[in-house]
Amino acid sequence: MDTVQHWIAGRHTAAGSTRTSPVYDPATGEQQAEVLLASRDDVGTAVAAAREAFTSWSQSSLSVRTKVLFAFRELVNARIDELAELISAEHGKVLADARGEVQRGLEVVEFACGIPQLLKGDYSDQVSNGIDVFSFREPLGVVAGITPFNFPAMVPMWMYPVAIACGNTFVLKPSERDPSASALVARLWAEAGLPEGVFNVVNGDKESVDALLDHPDVAAVSFVGSTPIARYIHERATATGKRVQALGGAKNHAVVLPDADPEFAANHLVSAAFGSAGERCMAISAAVVVGRDGDRLLDLVSKKAGEVRVGPGRDAGSEMGPVITAQARERIVGLIGTGEQQGARIAVDGRGLVVPGHENGFFVGPTVIDQVTTSMDVYREEIFGPVLSVVRSSDVDEAIALVNANPYGNGTAIFTSSGEAARRFQRGVTVGMIGINVPVPVPMAYYSFGGWKDSLFGDKHVHGPEGVAFYTRAKVVTSRWPHVEADDGRVQLAFPTSS
Ligand code: NAD
């Protein structure tokens, strides 16, 4: 059986710890590999390698960094299919979806290729007599990324291209459930000419995460995962003085107004709820149907949900794959059951789905639950599976209030043909990323990605301009080159002001 190792100082290594965790094929339910779980000492070795590499990488010219980034971009682009197969094999998502995730991650690499432009400082000439002021930004040092299972390539790519382009060195702790994409990415960085120690991967669980959070040589932590862990990461890492951006879970609502085209809205609701088996932080998990004529939309959604072809991600005919683990499937099935017990109506039931030839795979079929209220568990919990809850609402203001009463604030969308309603919605919701007739509004790499409220702890979103700001700190220089003879030579104790 394959053992997925760490990548430290430019090579794969088993380091010291012998603890392991199984890596499953979610389509068959069988273990296909194991991954090493780093000890505190192993993390110390990776951070030491990154710290040593920082000395020279932080001093490397912008031209050198840009060349490495362009080379890395070409290599990832050439290996999209290989990456997608690794992702699909361990995560379970369909190949087209896996390719899409690499493509969206690659866009952050492309953004980071423009680092000379992004790191340009400001300059003010003659702010006072003979005095100029200018500013520039410097890297922080060793920065860490801790990432979730659901986007094993894209989410780390939200972080390390920008961090490395800014002159930092990086230690990635990917999800232990699907670690192989990160191992391939590490080799591609080496092939691209990135010096040893600039990019490191430690595989692991809580022990390795805690070691990163506590390590005095880690300057900043980027985290993406569930809300309880995000909150914990933020508290523990800020307590040791680190910069932290910790992105958490989500409950994304799509509000459908009566003036929306039902066919268009139903297609997009089904795509956004069941793509990647609902295991996306930007998945639509609650449809808020406004007005009395919601049944027509519900019928369309139910019909289309029932037609989704579920099967192994590697099969070309599959539109939706399994969920990540047997425990995840049990949790999702259990939550659907609570919906039924608490009075909701199961319009499409994916609990009994069996995929022929894959009876032990972790499959749950698309599920649509109608007549959900905000007090039910299916509404309150982040299900993170192929379940769409339908909530009814009487008008757009009530729908906005409902979205805002939810503790999460990652993404939301509205379907309407009214510009006035859309504008009221975009200005009224307390959510970070908003789609207007776009159900999964993941911002392009040159904008920043981040939610509000319980969906993000910290004050900077990832990638885009906020990513550059997160991974750098500013210096402002006030400069004078005097003619000593022209100086009046007086001592002046008053606070300096400009003249
Ligand atoms: P998770 O929180 O279980 O794990 C995320 C990372 O934290 C992993 O690397 C894991 O090893 C580590 N971890 C888990 N438990 C830990 C603990 N007790 N102490 C320290 N570290 C721990 O999340 P997941 O199940 O891998 O991913 C799904 C979650 O991620 C969902 O809640 C989803 O909404 C969220 N997510 C959010 C975004 C976003 O942008 N806001 C993006 C993707 C996923």
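No experiment lies behind these values; they were computed from the predicted model shown.

1. Here we look at the pattern of salt bridges
Alright, step 1. One pass over the full model with this rule turns up 31 salt bridges.
Alright, step 2. Measuring nitrogen to oxygen at the nearest pair gives 4.0 Å for the salt bridge that ties E319 to R309. Of this pair, E319 sits in the loop between α11 (294–306) and α12 (326–341) while R309 sits in the loop between α11 and α12; the two residues are 10 residues apart in sequence, bridging distant segments of the chain.
Alright, step 3. Judged by its relative accessible area of 39%, E319 is partly exposed.
Alright, step 4. Linked through salt bridges whose partners overlap, the residues forming this network are R40, K206, D210, D214 and R236.

2. A closer look at the domain arrangement of the chain
Alright, step 1. Domain assignment breaks the chain into domain 1 (2–248 + 455–477) and domain 2 (252–436).
Alright, step 2. For domain 1 and domain 2, the distance between their C-alpha centroids amounts to 31 Å.
Alright, step 3. Taken over both partners, the interface formed by domain 1 and domain 2 buries close to 1900 Å², and the fraction arising from carbon and sulfur atoms is 60%.
Alright, step 4. On the domain 1 side of the contact with domain 2, A27, V94 and S455 bury the most area, a combined 26% of that side's loss.
Alright, step 5. On the surface where domain 1 and domain 2 come into contact, there are two salt bridges.

3. Some points on the side chain of S276
Alright, step 1. Position of S276 among the secondary structure elements: in the loop between α10 (262–274) and β14 (284–290).
Alright, step 2. Given the relative accessible area of 6%, S276 is considered buried.

4. What to know about the sheet that holds strand β23 (residues 472–480)
Alright, step 1. Taken together, the three strands give an open sheet; going across it, the order is β6-β7-β23, and neighbouring strands pair in antiparallel fashion. Two strands close off the open sheet at either side, each with one partner strand: β6 (123–128) and β23. Mean inter-strand twist for the sheet, computed between neighbouring axes without regard to direction, equals 30°.

5. Some remarks on the site of the ligand
Alright, step 1. Surveying the vicinity of the ligand reveals 27 residues, the closest of which are K173, E176, S226, G248 and E382.
Alright, step 2. Here an oxygen atom of the ligand sits 2.7 Å away from a polar atom, N or O, in the side chain of S226.
Alright, step 3. Coverage of the ligand by the protein amounts to 87% of the 840 Å² it exposes when considered alone.
Alright, step 4. With respect to the pocket detection grid, the ligand is positioned in the largest pocket.

6. Some remarks on the sheet that holds strand β1 (residues 2–4)
Alright, step 1. With respect to topology, three strands assemble into an open sheet ordered β1-β5-β4, the strand pairing being mixed. Of all the strands in the sheet, the pair left with one neighbour each is β1 and β4 (20–25). Pairs of neighbouring strands in the sheet enclose a mean axial angle of 40°, with direction left out of account.
Alright, step 2. On top of the sheet, helix α3 (residues 80–91) reaches β4 and β5 (30–36); it is set at about 100° to β4, its chief contact.

Calculation criteria
- Residues numbered from 1 in each chain as written.
- Predicted model: local features only at pLDDT ≥ 70, side-chain atom pairs only at ≥ 80, totals over all residues.
- Heavy atoms only, no water.
- Salt bridge = Lys/Arg side-chain N within 4 Å of Asp/Glu carboxyl O.
- Helix = DSSP H or I, 4+ residues; strand = E, 2+ residues; numbered from the N terminus.
- Buried < 20%, exposed > 50% of the residue type's maximum accessible area, 1.4 Å probe, protein only.
- Domains from an automatic or database assignment.
- Buried area = accessible area lost by both parts, 1.4 Å probe.
- Pairing = 2+ DSSP bridges.
- Axes fitted to C-alpha atoms, helices over the stretch in contact; angles between N-to-C directions.
- Near = heavy atom within 4 Å.
- Polar contact = N/O pair within 3.5 Å; in protein donor to acceptor, adjacent residues only side chain to side chain.
- Areas by Shrake-Rupley, 256 points an atom, 1.4 Å probe, with all protein chains shown as cover.
- 1 Å grid on protein atoms, 1.4 Å probe; cavity = no way out; pocket = protein on both sides within 12 Å on 5 of 7 lines; lining within 4 Å.
- Sits in = over half its atoms within 2 Å of the grid points.
- Contact = heavy atoms within 4.5 Å.

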